[in-house]
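Structural overview
Letter by letter, the chains look like this.
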Amino acid sequence: MQSSSPVDTAAAPPLRNRADIADRFKWNLAHIFADWAEWQRAYDALDTKIAAYAALQGTLANGPDRLLAAMKLSDDIGQDTYKVWYFASLKYDEDQRDNQINARRQQVQILFAKATQASAWFNPELLGIPLPTVQQWMTELPDLALYRFALEDLYRQQEHVLDENGEHLLSLSSRFSSSPHDAYAALSTADLRHPSIKLSTGPEVTLTYGQYRAILATNRNQADRAAAFAAYHKMYETNVNTYAALYSGVLQRDWFHSQAREYTSTLEAALHGNNIPTAVVENLIETTKTNTEPLRRYHRLRKRVLGLESYHTYDATIPLVDFDRKYPYEQVLEWLPGSVEPLGSSYQHQLRDVLFGDWIDVYENPGKRSGAYSAPVYGVHPYMLLNYNDTLDAVFTLAHEMGHSMHTLLSNAHQPFVYSAYTIFVAEVPSTLSEALFLDYMLERATDERERIVLLQHAIDGIVGTFYTQVLFADYELQAHRLVEEGRPVTAEMLSEIYFGLMKAYHGDALTYDEQSRVTWARIPHFYSTPYYVYQYATCFASSAQLMRRLTIGSASDRAAAIEKYLTLLKSGGSDHPMPLLQRAGVDLSKPETVRAVVDQLDGLVTRLETAISGLR
Ligand SMILES: [Zn+2]
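So, how was this worked out
- Residues numbered from 1 in each chain as written.
- Predicted model: local features only at pLDDT ≥ 70, side-chain atom pairs only at ≥ 80, totals over all residues.
- Heavy atoms only, no water.
- Buried < 20%, exposed > 50% of the residue type's maximum accessible area, 1.4 Å probe, protein only.
- Helix = DSSP H or I, 4+ residues; strand = E, 2+ residues; numbered from the N terminus.
- Pairing = 2+ DSSP bridges.
- Donors = N, O, S within 2.8 Å, 3.2 Å for Na, K, Ca; no water.
- Tetrahedral: all angles 85-135°; square planar, octahedral: opposite > 155°, others 65-115°.
- 1 Å grid on protein atoms, 1.4 Å probe; cavity = no way out; pocket = protein on both sides within 12 Å on 5 of 7 lines; lining within 4 Å.
- Points joined across faces, edges and corners; volume = space filled by probe spheres on them.
- Nonpolar A, V, L, I, M, F, W, Y, C, P; charged D, E, K, R; others polar.
- Phe/Tyr/Trp six-rings, centres within 6.5 Å; stacked < 30°, edge-to-face > 60°.
- Lys NZ or Arg CZ within 6 Å of the ring centre and 35° of its normal.
- Contact = heavy atoms within 4.5 Å.
- Axes fitted to C-alpha atoms, helices over the stretch in contact; angles between N-to-C directions.
- Core = buried A, V, L, I, M, F, W, Y, C linked by side-chain atoms within 4.5 Å.
- Parallel < 35°, antiparallel > 145°, perpendicular 65-115°, else oblique.
- Left-handed = near helix turned anticlockwise from the far one by under 90°.
- Arc of directions from axis to C-beta.

**A few points about the pairing of strand β5 (residues 381-385)**
The element β5 is largely enclosed, with a buried count of 5 among its 5 residues. As judged from the 2 bridges shared by strand β3 (residues 360-361) and β5, these two strands associate in the parallel manner. Directly across from Asp361, in β5, lies its bridge partner Leu385. Between strand β4 (residues 373-377) and β5, which follow one another and run antiparallel, lie 3 residues, and Gly379 among them has a positive phi close to 90°.

Right under this line is the structure:
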């Protein structure tokens, strides 16, 4: 970016056939298997191993070497599974129109179901052996001690497992547990009639969710945005009692399961799997709610810059300035290693391996899967799928997925298979940190004020959307669940009141409120599909902000220590629960200061944005 002209007009590459894209922009799946024949041999071998695992049933009580044999075979099956699955799955994503590959992918899914059945005996059989016996075995057989954390965690999870009758009863209830979400999805996708509006420029548009978002993000006429907002929310208003009944079903189900398993609250039940204390979520919510000033400052600044009389939720995503610089992939290849310099030279070298090893599938082609992801193929290396289109969003997506890929690379290199996978609670730390480092790098080199504004807005909108909004969502989920925990009724009016109250608590007088915002809760898919999930985006953001501060501020020796701790976190994979892993990296999510790191980060970015904007005049 340093020497190029501020507005680079290189056009995004046109859609090409896959065969016409140079190999260096495509992933090479021969690193997994040479061809389908080799894949088929691995598939057959896996099938045999799964049968061998089933045959181990009834042997565990015979002693430590039997338990070790079962653990090792399970690892072996797991590793093969990654390769067999991803070879078919990644091939399929190259062109999802290919039915033959799709059939092979489904063939692996059938094998997965078989593996689940073949291993169902393990947990009950293990847990039938007293924990002290297993702990004694681990001292007798050092190889078995490798599995200490995994085994002890199974016993910890056991605390809330019921007797055989109880588990049977719960398993029968699982068939209708998903009904509220299924009905929500049917109502929202199949049955809802999307409204049409006429834009000020003439054309009529149907407001699908994508269209609605596009109008809010690109249409510079406030009246058009207001009309889209009103029509879109009207649709939810019309059905609000049905949504409330469905959401009530989610709340009742969660409370039923929590009580059946003897948890004191739905939050405790949701956090038990990862062994997260409920204080983490409570601290996140409390600290964020009392630190909303930077968010309000940003809204007030936007109102002024956009020259609006009143500022509404539908004004929050329109860009502050127009800027359409293109970022060709080959240019970004130079910048990305530069951006991670604060993480040390060996990290930089490894990042080059990811960039230049034929591990990334860069460009779009007909039939290719949309979006972006990083795939952790244990025993090979991470692969990355992109649909790179030269926009700034595409650049940050690359930086984000690079964080995931580096995490996988380091975890897989330093952990045995059993601990190589990491939880979502930690996963979004390296990805957001990678984006933050890249932003710093770009800001330092931006020579054009407009570009600086676009970069700052990108970073700020990331914090608003991934942190503040998700904490507000978590706050809503917690309050709604507490209604049923306290035996109070759940009505559409009560849910709307909670949501609207939260909007005001977060945004204060920085927004002009529209009555229709009250029903926003009805629309959010996560509330129905995965309750108590979204807070993890916010805790990851807070962890990453805290780490970023340590990595970039302070004496050289402090920074060196911070790098060491951060890399240790990445190398640790899933070898412990997320809280202790993060604590060892210097992040304590039960403390308000960790959450305030994001607040301070936003405050600093808004100040920089104000400066950049005044430089424009
Ligand atoms: Zn991610």
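**Comments concerning unusual backbone geometry**
One non-glycine residue, Asn275, adopts positive backbone phi at about 60°. Phi at Tyr532 is positive, roughly 55°, even though this residue is not glycine. One can find Tyr532 in the loop between α23 (525-529) and α24 (535-552).

**Side note on the environment of Leu68**
Summarising the element assignment, Leu68 is placed in helix α2 (residues 64-94). Leu68 gets classed as buried once you look at its relative accessible area, which sits at 9%. Separated by 59 residues in sequence, Leu68 and Leu127 have C-alpha atoms that sit 15 Å apart.

**Comments concerning the coordination of the zinc ion**
At the metal site, the zinc ion is ligated by His400 (NE2), His404 (NE2), Glu428 (OE) and Glu428 (OE), and these contacts range over 2.1 to 2.5 Å. Seen from the zinc ion, its 4 donor atoms lie at angles of 53 to 138°, and the figure they make is irregular. When the donor residues of the zinc ion are listed from N- to C-terminus, their spacing reads H-x3-H-x23-E. Taken together, the residues His400 and His404, both in helix α18 (residues 392-414) and 4 residues apart, mark about one turn of the helix.

**Description of the layout of surface pockets**
Estimated volume of the second largest pocket: approximately 970 Å³. Lining the second largest pocket are 35 residues, and of these Ser74, Asp75, Ala150, Phe417 and Val418 lie nearest its centre. The element best represented in the lining of the second largest pocket is α2, accounting for 7 residues. Taken together, the residues that form the lining of the second largest pocket break down as 20 nonpolar, 12 polar and 3 charged.

**Points about the packing of aromatic side chains**
One pass over the full model with this rule turns up 38 aromatic pairs. Look at Phe33 and Phe87: their rings are 5.5 Å apart centre to centre, the planes differ by 80°, and that puts the pair in the edge-to-face class. Linking Phe33 in the segment before α1 (36-54) with Phe87 in helix α2, this pair joins segments that are 54 residues apart in sequence. The exposure classification of Phe33 matches that of Phe87, with both residues buried. Between Arg16 and the ring centre of Tyr363, over which it is positioned, the NZ or CZ distance is 4.9 Å. The aromatic ring of Trp36 is capped on one face by Arg104, whose charged end is 4.2 Å from the ring centroid.

**Remarks on the sheet that holds β5**
Pairing in this open sheet of 3 strands is mixed, and the strands run β3-β5-β4 from one edge to the other. Only two strands of the sheet have a single partner each, and these edge strands are β3 and β4. Each of β4 and β5 touches α18; the most contacted strand, β5, lies at about 165° to it.

**Here's the deal with the nonpolar core**
Of all hydrophobic cores here, the largest spans 153 residues; its most connected members are Tyr247, Tyr329, Phe467, Tyr476, Trp521 and Tyr528. Ranked by residues supplied to this core, first place goes to helix α20 (residues 449-485) with 19 residues. Not counting chain neighbours up to four residues away, the residues in contact with Tyr247 comprise Tyr476, Glu477, Ala480, His481, Leu495, Trp521, Phe527 and Tyr528. Residues Ile32, Trp85, Ala118 and Leu385 belong to the second largest nonpolar core, which totals 46 residues.

**Details of the packing of α20 against α24**
One way to put it is that α20 packs onto α24 with a least axis distance of 8 Å and a crossing angle of 130°. By the criterion of interaxial angle, the relationship of α20 to α24 is oblique. At the point where α20 passes α24, the crossing takes the left-handed sense. Facing α20, whose interface residues are Gly462, Ile463, Thr466, Phe467, Gln470, Val471 and Ala474, α24 presents Tyr535, Tyr537, Ala538, Phe541 and Ala542. A class-by-class count of the residues in the contact of α20 with α24 yields 9 nonpolar, 3 polar and no charged.

**Things to note about the pairing of β4**
The buried fraction of β4 is high, at 4 of 5 residues. As judged from the 5 bridges shared by β4 and β5, these two strands associate in the antiparallel manner. Its bridge partner being in β5, Ala375 is matched across the sheet by Tyr383.

**Side note on the packing of helix α14 (residues 278-289) against α24**
Relative placement of two packed helices is described by the angle separating their axes and the distance separating the axes. Where α14 meets α24, the axes come as close as 11 Å, and the angle between the chain directions of the two elements is 75°. Judged by the angle between their axes, α14 and α24 are roughly perpendicular. Each of Val280, Val281 and Leu284 in α14 lies in contact with α24, whose residues at this interface are Tyr535, Ala538 and Thr539. In the contact of α14 with α24, the residues fall into 5 nonpolar, 1 polar and no charged.

**Focus: helix α5 (residues 131-140)**
Of all the residues in α5, the buried ones are Val134, Trp137 and Met138. The buried residues of α5 occupy an angular sector of 100° when the element is viewed end-on, so they sit on one face. Exposed positions of α5 whose direction lies more than 90 degrees from the buried face are Pro132 and Thr139. In this structure, the buried residues of α5 make contact with α2, α4 (122-127), α6 (142-145) and α7 (148-158).

**Focus on the side chain of Thr292**
Mapped onto the elements of the fold, Thr292 is located in the loop between α14 and α15 (293-306). Among the residues examined, Thr292 registers a relative accessible area of 6% and is labelled buried. Other than its neighbours up to four places away in sequence, Thr292 contacts Tyr468, Ala505 and Tyr506.

Read these as layout, nothing more, since geometry by itself doesn't imply function.
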